[in-house]
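Single-letter residue listing:
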Amino acid sequence: GIGLGGVTCAVTLFSEVVAEKYRGAAIILSIGALWTFGCVFETCIAWLCFSMHGVQWRLFLVLSALPSLTLLTIFPWLVESPRYYLVHGRGEEAVQVLKAAAARNKVRLPDNLKLHAPKKPAAGGKSESHLKTLLGKKYRTTTVLLWGLWFCSVISYYGLCFVTPLYFSFQHQNEYAVTLLSALAEIPGMVATSYLVDRIGRKRTKAVMFSIGGIATFVLSVSSLPFGVLTLAAIVGRGSVLGAFNDLYVYTPEVYPTSSRAFGLGLCSAVARIAGIIVSYISFANESASEAASAVLVYSLCSFAGAVISMCLPIETKGRRLDGNEVGGG
């Protein structure tokens, strides 16, 4: 619960230290790959633990906690964002981060390098000033549409994650095998998204992946189809929807200014958590395959809604520098 707040901080930091040329593919392939590995890991240990007797859920919780514990050992090697340093008037520390990055990558910084601090938020409380930025004239439409996209993404993605095991168990199939296959299917979805974001743009990539996911999920809702067809639909649907979700993690930090980037991403994540609460009730209230199929149809509609909303976004961030041109030559 509380620990999920760190995800948005990690994405913000990553987006601020990677050059725009590589940002889209780098975020998707790094965060997406780790996410998919976690899904595969959880599916495998669930298959193992719930096939045993006596220690099922206890052992499952212990094994699930191991990745989070290992994460604690990584923090000493993290660097702070130079943009964060600049916003807080710590220019020398920002320069040191850039010098360390240049040395590691064996490149030379320009001799006339100058760092320009981005505009500070308006006077007042920090949260209040961030909200004024996000809901101001420049970002209001983008912010509202992003809330809708994050809501639709969580409904469609987690809906498939939650309902797929139930759906296939109602049909007396091996729900663990299908869940594992659909988790592995996130890999081609992730790779396809990383390829498309820097070629057709962030908006169109989301629209394409949501559309494919919506079609596949609609096919999955037809419970009378053969098991093989339903399995393929689950695989394509989950991989495509996750691709669109990963694109959102690229787009959202790119579209907001440095001073409000983490707050904007965190607010979108908060909206997504509301969707997560709703989708859990939709998914686990089913007592038959036909009821589960109705839930899957809801997820399909959310995917199509995500495709439409994506094309309504007023800003395309492909090849766009992060708002606030702090680095330049003089």
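Quick notes on the rules
Residues numbered from 1 in each chain as written. Predicted model: local features only at pLDDT ≥ 70, side-chain atom pairs only at ≥ 80, totals over all residues. Heavy atoms only, no water. Helix = DSSP H or I, 4+ residues; strand = E, 2+ residues; numbered from the N terminus. Buried < 20%, exposed > 50% of the residue type's maximum accessible area, 1.4 Å probe, protein only. Contact = heavy atoms within 4.5 Å. Areas by Shrake-Rupley, 256 points an atom, 1.4 Å probe, with all protein chains shown as cover. Phe/Tyr/Trp six-rings, centres within 6.5 Å; stacked < 30°, edge-to-face > 60°. Salt bridge = Lys/Arg side-chain N within 4 Å of Asp/Glu carboxyl O. Core = buried A, V, L, I, M, F, W, Y, C linked by side-chain atoms within 4.5 Å. Patch = residues over 30% accessible without salt bridge, like charges linked within 9 Å, V, L, I, M, F, W, Y side chains within 5 Å. Expected span 1.5 Å × (residues − 1). Axes fitted to C-alpha atoms, helices over the stretch in contact; angles between N-to-C directions. Parallel < 35°, antiparallel > 145°, perpendicular 65-115°, else oblique. Left-handed = near helix turned anticlockwise from the far one by under 90°. Nonpolar A, V, L, I, M, F, W, Y, C, P; charged D, E, K, R; others polar. pLDDT = per-residue confidence, 0-100.

**Observations regarding the overall build of the chain**
For step 1, the next point in the chain: When its secondary structure is counted, the chain shows 13 helices and 2 strands.
For step 2, the next point in the chain: Per-residue burial for the chain yields a buried fraction of 43% across its 330 residues.
For step 3, the next point in the chain: For the chain, restricting intrachain contacts to residue pairs at least 6 apart in sequence, the fraction spanning at least 24 positions comes to 80%.
For step 4, the next point in the chain: Summing over all exposed atoms, the chain offers an accessible surface of approximately 16500 Å²; the carbon and sulfur share of this is 68%.

**Quick notes on the packing of aromatic side chains**
For step 1, the next point in the chain: Evaluated as defined, the whole model comprises 9 aromatic pairs.
For step 2, the next point in the chain: Seen from their ring centres, Phe37 and Phe41 are 6.5 Å apart, and the 20 degrees between their planes marks the pair as stacked. In this pair, Phe37 and Phe41 both sit in helix α2 (residues 20-49), 4 residues apart, roughly one turn of the helix.
For step 3, the next point in the chain: Among the residues examined, Phe41 registers a relative accessible area of 25% and is labelled partly exposed.
For step 4, the next point in the chain: The interplanar angle of 75 degrees and the centroid separation of 5.0 Å between the aromatic rings of Trp150 and Tyr249 together place this pair among those described as edge-to-face. Residue Trp150 is found in helix α7 (residues 140-170), and its partner Tyr249 is found in helix α11 (residues 227-255); the two are separated by 99 residues along the sequence. For the pair Trp150 and Tyr249, a shared accessibility class is recorded, and that class is buried.

**Comments concerning the pattern of salt bridges**
For step 1, the next point in the chain: Going through the model one piece at a time under the given rule, you end up with 5 salt bridges.
For step 2, the next point in the chain: The salt bridge partner of Asp247 is Lys206, with a shortest N-O separation of 3.7 Å. Of this pair, Asp247 sits in helix α11 while Lys206 sits in helix α10 (residues 202-220), and the two are 41 residues apart along the sequence.
For step 3, the next point in the chain: Under the relative-accessibility criterion, Asp247 is labelled buried at 0%.

**Brief notes about the environment of Ser269**
For step 1, the next point in the chain: Within the fold, Ser269 resides in helix α12 (residues 261-284).
For step 2, the next point in the chain: In sequence terms Ser269 and Trp150 are 119 residues apart; their C-alpha atoms lie 7.2 Å from each other.

**Quick word on the nonpolar core**
For step 1, the next point in the chain: With 49 residues, the main nonpolar core has Leu146, Leu149, Trp150, Tyr157, Leu220 and Phe245 as its most contacted residues.
For step 2, the next point in the chain: Those elements that provide at least two residues to this core are α2, α7, α8 (175-184), α10, α11, α12 and α13 (289-312).
For step 3, the next point in the chain: Counting residues per element, this core draws most heavily on α7, which supplies 12 residues.
For step 4, the next point in the chain: If we ignore the near neighbours within four places in the chain, the residues touching Phe245 are Trp150, Ser153, Val154, Tyr157 and Tyr158.
For step 5, the next point in the chain: Listed in part, the 5 residues of the second largest apolar core include Ile27, Ile28, Met190 and Val197.

**A short note on a nonpolar patch on the surface**
For step 1, the next point in the chain: Judged by side-chain polarity, Leu66, Leu69, Leu71, Leu72, Ile74, Phe75 and Leu78 come together as a nonpolar surface patch covering roughly 670 Å² of accessible area.
For step 2, the next point in the chain: Among the secondary structure elements, Leu72 is positioned in the loop between α3 (56-71) and α4 (82-87).

**Digging into α10**
For step 1, the next point in the chain: For α10, built from 19 residues, the straight-helix expectation of 27 Å at 1.5 Å per residue is met to within 8% by its first-to-last C-alpha distance of 27 Å.
For step 2, the next point in the chain: Turning to α10, its buried residues are Arg202, Lys203, Thr205, Lys206, Ala207, Met209, Phe210, Gly213, Gly214, Ala216, Thr217 and Leu220.

**Topic: the packing of α10 against α11**
Working note: a packed helix pair is described by the angle between its axes plus the distance between those axes.
For step 1, the next point in the chain: At a closest axis distance of 7 Å, the pairing of α10 and α11 adopts a crossing angle of 155 degrees. Taken together, the axes of α10 and α11 lie roughly antiparallel to each other. Read as a crossing pair, α10 and α11 show a hand that is left-handed.
For step 2, the next point in the chain: Residues of the contact of α10 with α11, tallied by class, amount to 16 nonpolar, 7 polar and 5 charged.

**Let's talk about the side chain of Lys206**
For step 1, the next point in the chain: Owing to a relative accessible area of 0%, Lys206 belongs among the buried residues under this scheme.
For step 2, the next point in the chain: Residue contacts for Lys206: discarding those within four places in its chain leaves Leu149, Ala244, Asp247, Leu248, Tyr251, Ser310 and Leu313.

**Topic: the confidence of the model for the chain**
Low pLDDT marks regions whose predicted coordinates should not be analysed in detail.
For step 1, the next point in the chain: Overall, the predicted model of the chain reaches an average pLDDT of 81, with 87% of residues at or above 70.
For step 2, the next point in the chain: Mean pLDDT across the elements of the chain ranges from a minimum in strand β2 (residues 327-329), with 36, to a maximum in α10, with 94.
For step 3, the next point in the chain: Segment residues 325-330: pLDDT under 50, and 19 contacts once partners within four positions in sequence are set aside and those in other chains are kept.

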